[in-house]
Amino acid sequence: MSYRPAVPHDDLAMQETGGDLIVYDSRNQRAHCLNSIAASVLRYSDGTRTVSEISSQLSCEQGLPENEALVWAALDELAKAGLLTEAVMAPPTLGASRRSLLRAAAITLPLIESILVPSPLAATSNP
């Protein structure tokens, strides 16, 4: 059975800004800024698509060659940001690391920047 990544979309608020996607995760009060590749992988991770299918859709959308290693890298970043329902473990036969992806192709790697969003109470200050 192939891995079908899933994102808890009910807990996420998303807003596109420029070429990026801002994602607020209400479960852990964190905001994330995803580049276009990471955003596309997030959108396609609905629990119904395999990594291969996501790679095909990403290729069509972004105009990139099909590259499952790129999808696995994005899924790894999404998992580290806490945006997947379960941990990601790329198949050992994949053999492509982030470093080898950088050396092998002049493509944009998935990128996610995260910040902790204070609760409204914590954001208020006492004079």
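Computed from a prediction, not measured in an experiment: that's the story for all the values here.

Novice: Please explain the sheet that holds strand β3 (residues 30-34) as it appears in this structure.
Specialist: The strands making up a sheet associate through backbone hydrogen bonding, with each pair oriented either parallel or antiparallel. Pairing within the open sheet is antiparallel, and its 4 strands lie in the order β1-β2-β3-β4. Only two strands of the sheet have a single partner each, and these edge strands are β1 (12-17) and β4 (112-116). Direction aside, neighbouring strands of the sheet carry axes that sit 20° apart on average. Bridge count between strand β2 (residues 20-25) and β3: 5 bridges; the pairing is antiparallel.

Novice: Looking at this structure, I do not really get the nonpolar core. What am I missing?
Specialist: The nonpolar side chains of soluble globular proteins are, as a tendency, buried together. Counting 27 residues, the largest nonpolar core has Leu34, Val41, Leu42, Leu75, Leu78 and Leu83 as the members making the most contacts within it. Put simply, the parts of the chain that give this core at least two residues each are β2, α1 (36-44), α2 (51-62) and α3 (68-80). Ignoring sequence-local partners within four residues, the contact set of Leu83 consists of Ala6, Val7, Pro8, Leu12, Val23, Asp25, Arg27, His32, Leu34, Leu42 and Leu78.

Novice: Can you walk me through the packing of α1 against α2 in this structure?
Specialist: For any two helices packed against each other, the geometry comes down to the angle between their axes and how far apart the axes lie. For the pair α1 and α2, interaxial distance at closest approach is 10 Å and the crossing angle is 135°. Taken together, the axes of α1 and α2 lie oblique to each other. Where α1 crosses over α2, the handedness of that crossing is right-handed. On α2, the residues that touch Ser36, Ile37, Ser40, Val41 and Tyr44 of α1 are Ile54, Gln57, Leu58, Glu61 and Gln62. In terms of residue class, the contact of α1 with α2 is built from 5 nonpolar, 4 polar and 1 charged.

Thresholds, definitions, all that
- Residues numbered from 1 in each chain as written.
- Predicted model: local features only at pLDDT ≥ 70, side-chain atom pairs only at ≥ 80, totals over all residues.
- Heavy atoms only, no water.
- Pairing = 2+ DSSP bridges.
- Helix = DSSP H or I, 4+ residues; strand = E, 2+ residues; numbered from the N terminus.
- Axes fitted to C-alpha atoms, helices over the stretch in contact; angles between N-to-C directions.
- Core = buried A, V, L, I, M, F, W, Y, C linked by side-chain atoms within 4.5 Å.
- Buried < 20%, exposed > 50% of the residue type's maximum accessible area, 1.4 Å probe, protein only.
- Contact = heavy atoms within 4.5 Å.
- Parallel < 35°, antiparallel > 145°, perpendicular 65-115°, else oblique.
- Left-handed = near helix turned anticlockwise from the far one by under 90°.
- Nonpolar A, V, L, I, M, F, W, Y, C, P; charged D, E, K, R; others polar.

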